[in-house]
Amino acid sequence: MTKAVYPGSFDPMTNGHRDIIARAASVFDEVVVSVMVNVSKKYLFTVPERLNLLSESLKDLPNVRVRAYEGLLIDLVREEKVDVIVKGLRNATDFDYENTMDFYNKRMAPQVESVYLMASHEYVHLSSSAIRELMAFGGDVSGLVPPLVEEALRLR
Ligand code: PNS
């Protein structure tokens, strides 16, 4: 039984996140999706709102569980006893960022491996920040986020 964690801000969740989660769920026995707190970010949605949007948009994936964690990812890994960290990579910017994250995570827990899934080509340009910007100025986000997220953004 291999258990993985997929951490992120998910502000909001996009179809790119969903794609990585669904693919991870087909590789690992259990995937824990964790809403984390990135101290350098200001969030549009609260943690409970992000949890709700994730749970509702992932309920068709039986081996996926959603939770929140405020702290170091490595401490969550220990608490949940997960085997691997899953991350998605869209481009070289993601690679550089994740390479640095991996340095700190390995320093704290050398035995914990991270596995990187390349973003599906249709989602390579998709980001939560671009979605927030599009919605702020009335742009069309259909097909880029789950319907529930689109509705939540419209109400904002
Ligand atoms: O979706 P994001 O904002 O790119 O996700 C980044 C996140 C939340 C996964 C990352 O900031 C994180 O792991 N935060 C928890 C704190 C931590 O463990 N940082 C790594 C050592 S500096």
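What counts, and where the lines are drawn
Residues numbered from 1 in each chain as written. Predicted model: local features only at pLDDT ≥ 70, side-chain atom pairs only at ≥ 80, totals over all residues. Heavy atoms only, no water. Helix = DSSP H or I, 4+ residues; strand = E, 2+ residues; numbered from the N terminus. Buried < 20%, exposed > 50% of the residue type's maximum accessible area, 1.4 Å probe, protein only. Phe/Tyr/Trp six-rings, centres within 6.5 Å; stacked < 30°, edge-to-face > 60°. Lys NZ or Arg CZ within 6 Å of the ring centre and 35° of its normal. Pairing = 2+ DSSP bridges. Axes fitted to C-alpha atoms, helices over the stretch in contact; angles between N-to-C directions. Contact = heavy atoms within 4.5 Å. Expected span 1.5 Å × (residues − 1). Polar contact = N/O pair within 3.5 Å; in protein donor to acceptor, adjacent residues only side chain to side chain. Patch = residues over 30% accessible without salt bridge, like charges linked within 9 Å, V, L, I, M, F, W, Y side chains within 5 Å. Areas by Shrake-Rupley, 256 points an atom, 1.4 Å probe, with all protein chains shown as cover. Salt bridge = Lys/Arg side-chain N within 4 Å of Asp/Glu carboxyl O.

**Considering unusual backbone geometry**
Here the bond from Asp11 into Pro12 is cis, since omega is 0°, no more than 30 degrees from zero. Within the fold, Pro12 resides in the loop between strand S1 (3–8) and helix H1 (15–27). Here the phi dihedral of Phe10 falls at roughly 50°; this positive angle occurs in a residue that is not glycine. Here Phe10 lies in the loop between S1 and H1. A relative accessible area of 3% means that Phe10 is categorised as buried. One non-glycine residue, Lys81, lies in positive phi territory at about 55°.

**Quick word on the packing of aromatic side chains**
When we look at a pair of aromatic rings, we describe it by the centre distance and by the angle of the planes. With the rule as written, the count across this model stands at 2 aromatic pairs. When the ring of Tyr6 is compared with that of Phe10, the centres are 5.6 Å apart and the planes differ by 55°; the resulting orientation is tilted. On the numbers, 5.0 Å between centres and 75° between planes, the contact of Phe103 with Tyr104 is edge-to-face. What makes Tyr104 partly exposed here is its relative accessible area of 44%. Of note, Arg50 hangs over the ring of Tyr43, and the distance from its end group to the ring centre comes to 4.0 Å.

**Quick word on the sheet that holds S1**
The strands making up a sheet are joined through hydrogen bonds of the backbone, oriented either antiparallel or parallel. A sheet is described by the order of its strands in space; here 5 strands give the open sequence S3-S2-S1-S4-S5, paired in parallel fashion. A single partner strand is all that each edge strand has here, and the edge strands are strand S3 (64–69) and strand S5 (113–118). Ignoring strand direction, the axes of neighbouring strands in this sheet form an average angle of 30°. Packing of H1 onto the sheet brings it into contact with S1, strand S2 (30–36), S3, strand S4 (84–89) and S5, and relative to S5 it is tilted by some 120°. Relative to the sheet, helix H4 (residues 92–108) contacts S4 and S5, its axis offset from that of S4 by approximately 165°.

**Points about H4**
For H4, spanning 17 residues, the distance from its first C-alpha to its last is 24 Å, which sits close to the expected 24 Å at 1.5 Å a residue. Elements in contact with the buried residues of H4: helix H3 (73–80), S4 and S5. The opening residue of H4 is Asn91, an N-cap whose side-chain oxygen sits 3.2 Å from the backbone nitrogen of Thr93.

**Re a nonpolar patch on the surface**
Residues Leu72, Phe103, Tyr104 and Met108 make up a contiguous nonpolar surface patch of roughly 400 Å² in combined accessible area. Tracing the chain through its elements places Leu72 in the loop between S3 and H3.

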